[in-house]
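Descriptive structure summary
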Amino acid sequence: MKKKIYIIGSGFSALAASCYLSKEGFEVVVLEKNATLGGRARQYKKDGFTFDIGPTWYWMPDVFERFFADFGKKPSDFYLLEKLKPAYQVYFGIKDSITIDGNLDKIYDTFEKEEKGSAAHLRSFMASAKLNYDIAIKDLVYKPGISPLELVTPKTVTKLNQFVSTI
Ligand SMILES: Cc1cc2nc3c(=O)[nH]c(=O)nc-3n(C[C@H](O)[C@H](O)[C@H](O)COP(=O)(O)OP(=O)(O)OC[C@H]3O[C@@H](n4cnc5c(N)ncnc54)[C@H](O)[C@@H]3O)c2cc1C
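Below or above, wherever it landed, is the structure these notes cover. (Residues numbered from 1 in each chain as written. Predicted model: local features only at pLDDT ≥ 70, side-chain atom pairs only at ≥ 80, totals over all residues. Heavy atoms only, no water.)

Examining the environment of leucine 122
Along the chain, leucine 122 turns up in helix 4 (residues 118-141). Residue leucine 122 is classed as buried on the basis of its relative accessible area of 13%. For the pair formed by leucine 122 and valine 90, sequence separation is 32 residues and the distance between their alpha carbons is 17 Å. Leave out the neighbours within four places in its chain, and leucine 122 touches Ile107, Tyr108 and Phe111. (Helix = DSSP H or I, 4+ residues; strand = E, 2+ residues; numbered from the N terminus. Buried < 20%, exposed > 50% of the residue type's maximum accessible area, 1.4 Å probe, protein only. Contact = heavy atoms within 4.5 Å.)

Below you can see the structure in the form of structure tokens.
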């Protein structure tokens, strides 16, 4: 007989855990207190309109690709991704706004026009963010979570000062 596992909640984490447990052969029951699934990423429908309750940015696309690949699928089997151009606009007042393009080189130009020298700072921030992201994905995120020592790797040790300085 299949072992039954109850998962509380239906956000991304619960749904992902449910899929992996089900793949391992467990019978999974998802218990959600709200009327619809999705947690903070659920939708709200009213008067013919659909509102996204939470996420605006499709962050970490590689994580979604890896998740679906674990089940022999890809994101495009379930949803269509369309890059927005421009990416977004920030309004400081009715006639005062800044348009952020979907292309990184154009974003550097926009920053430089706003404030001289800022493009170089943005480039440097992007480079360090990429480095941190790569370390997080390769050395931290997919560890099984059995021991804190899993998080100690030659690369994470070099970044220790970042954690200490933000605590
Ligand atoms: C306004 C906003 C903007 C955001 N923007 C982005 C973005 O642009 N990009 C991005 O990647 N992320 C964004 N996020 C974050 C993202 O939505 C969340 O990180 C993600 O949805 C969290 O998923 P989760 O499964 O960890 O938790 P949740 O989605 O919070 O799921 C928890 C679930 O558990 C249920 N639950 C709790 N207690 C019980 C109980 N006792 N019984 C039954 N059910 C229970 C809750 O109802 C909920 O459905 C945003 C979030 C918000 C709120």
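Some remarks on a nonpolar patch on the surface
A surface patch of nonpolar side chains, amounting to about 430 Å² of accessible area, comprises Tyr44, Phe49, Phe51 and Ile53. Along the chain, isoleucine 53 falls in the loop between strand 4 (49-52) and helix 2 (61-69). Using a relative accessible area of 44% as the deciding quantity, one classes isoleucine 53 as partly exposed. (Patch = residues over 30% accessible without salt bridge, like charges linked within 9 Å, V, L, I, M, F, W, Y side chains within 5 Å. Areas by Shrake-Rupley, 256 points an atom, 1.4 Å probe, with all protein chains shown as cover. Salt bridge = Lys/Arg side-chain N within 4 Å of Asp/Glu carboxyl O.)

A short note on the pattern of salt bridges
On inspection of all chains with the given rule, the structure shows two salt bridges. Among the ionic pairs, lysine 74 bridges to aspartate 77, the shortest N-O distance being 3.7 Å. On the basis of relative accessibility, which here comes to 48%, the residue lysine 74 falls in the partly exposed class. In this structure, aspartate 134 engages lysine 130 in a salt bridge whose closest nitrogen and oxygen atoms are separated by 2.6 Å. A residue pair is termed a helical-turn pair when its members lie 3 or 4 positions apart in one helix, as aspartate 134 and lysine 130 do in helix 4 at four residues.

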